[in-house]
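Coordinate analysis (summary)
Residue-level listing of the chains:
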Amino acid sequence: ARPVDADLIFFVLDIDHFQRINDRYGHEGGDVVLRALGRYLKEAVRAAERPAARIGGEEFAILVSHTAADEPALFAERLRRGIAGMEVVMPTGSLLRLTTSAGFASRNETDQDLNTLMRRAGDALHLAKKNGRNRIERAP
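Presented here is an overview of the structure given in this document. (Residues numbered from 1 in each chain as written. Predicted model: local features only at pLDDT ≥ 70, side-chain atom pairs only at ≥ 80, totals over all residues. Heavy atoms only, no water.)

Take the pairing of strand 1 (residues 8–15) next. Of all 8 residues in strand 1, 8 are buried, a share of seventy percent or more. Here strand 1 shows two buried faces, one formed by Leu8, Phe10, Val12 and Asp14 and the other by Ile9, Phe11, Leu13 and Ile15. Relative to strand 3 (residues 59–65), strand 1 runs antiparallel, the two sharing 7 bridges. Residue pairing across strands places Phe11 opposite Ile62, the latter belonging to strand 3. Summarising the sheet, strand 1 and strand 6 (residues 100–106) pair through 7 bridges and their orientation is antiparallel. (Buried < 20%, exposed > 50% of the residue type's maximum accessible area, 1.4 Å probe, protein only. Helix = DSSP H or I, 4+ residues; strand = E, 2+ residues; numbered from the N terminus. Pairing = 2+ DSSP bridges.)

Here is the structure:
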């Protein structure tokens, strides 16, 4: 397992109600949405040289170096709002707006490796979904 840098923050985000998108537009429509979100994230995090990747299904992850106490929450909120402002052109020609739920975890003394940090961020993501979606939760 890879050790975790002291200032590392792990974000995980998930497209809300992605199954409904697949059900309505088929897998071709789901692929259009995934590609559009991937392009958006690539552009949104490029300026800060932050790695972003699809980690499975409709989940994406971003690694960030921590610089200020409130910066991770502001960064996550900017992404959430930016995604909510996207208009994805679906194969039918209709426009689709997305929402995402996100969770993030800042490294703490209990994180022994990257997997622990990722699990905590994932738990925060599940809390965001449980609390109504289209929101961000920070892991304790």
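So, on to the packing of aromatic side chains. Counted according to the given criterion, the structure contains 2 aromatic pairs. Clustering of aromatic rings is evident, with ring pairs tying together Phe11, Phe75 and Phe104. (Phe/Tyr/Trp six-rings, centres within 6.5 Å; stacked < 30°, edge-to-face > 60°.)

What follows is about helix 2 (residues 71–84). For helix 2, spanning 14 residues, the distance from its first C-alpha to its last is 20 Å, which sits close to the expected 20 Å at 1.5 Å a residue. Of the residues making up helix 2, those classed as buried are Glu71, Pro72, Phe75, Ala76, Leu79, Arg80 and Ile83. Taken together, the buried residues of helix 2 touch strand 1, helix 1 (18–46), strand 3, strand 6 and strand 7 (136–138). (Expected span 1.5 Å × (residues − 1). Contact = heavy atoms within 4.5 Å.)

Attention shifts here to the nonpolar core. Core analysis: the largest hydrophobic core is formed by 29 residues, its most contacted members being Ile21, Val33, Ile62 and Leu98. Sorting elements by how many residues they give to this core places helix 1 first, with 10 residues. Once residues within four sequence positions are removed from consideration, Ile62 is found in contact with Ile9, Phe10, Phe11, Leu13, Leu41, Val45, Arg50, Pro51, Ala52, Phe75 and Leu79. Counting residues in each nonpolar core, the second largest holds 11 residues, with Leu8, Ala61, Ala105 and Ala121 among its members. (Core = buried A, V, L, I, M, F, W, Y, C linked by side-chain atoms within 4.5 Å.)

With that settled, consider the sheet that holds strand 7. An order of 2-3-1-6-7 is seen for the 5 strands of this open sheet, with the pairing classed as mixed. The open sheet terminates on both sides in strands that have one partner only, identified here as strand 2 (52–56) and strand 7. Between one strand and the next, the sheet's axes are offset by a mean angle of 25°, whatever the strand orientation. Alignment of strand 6 against strand 7, held across 3 bridges, turns out to be parallel. What sits directly across from Phe104, in strand 7, is Arg138. Taken strand by strand, helix 1 contacts strand 1, strand 2 and strand 3, and its axis lies near 150° from that of strand 1. The strands touched by helix 3 (residues 114–130) within the sheet are strand 1, strand 3, strand 6 and strand 7, with strand 6 carrying the most contacts at an inclination of about 145°. (Axes fitted to C-alpha atoms, helices over the stretch in contact; angles between N-to-C directions.)

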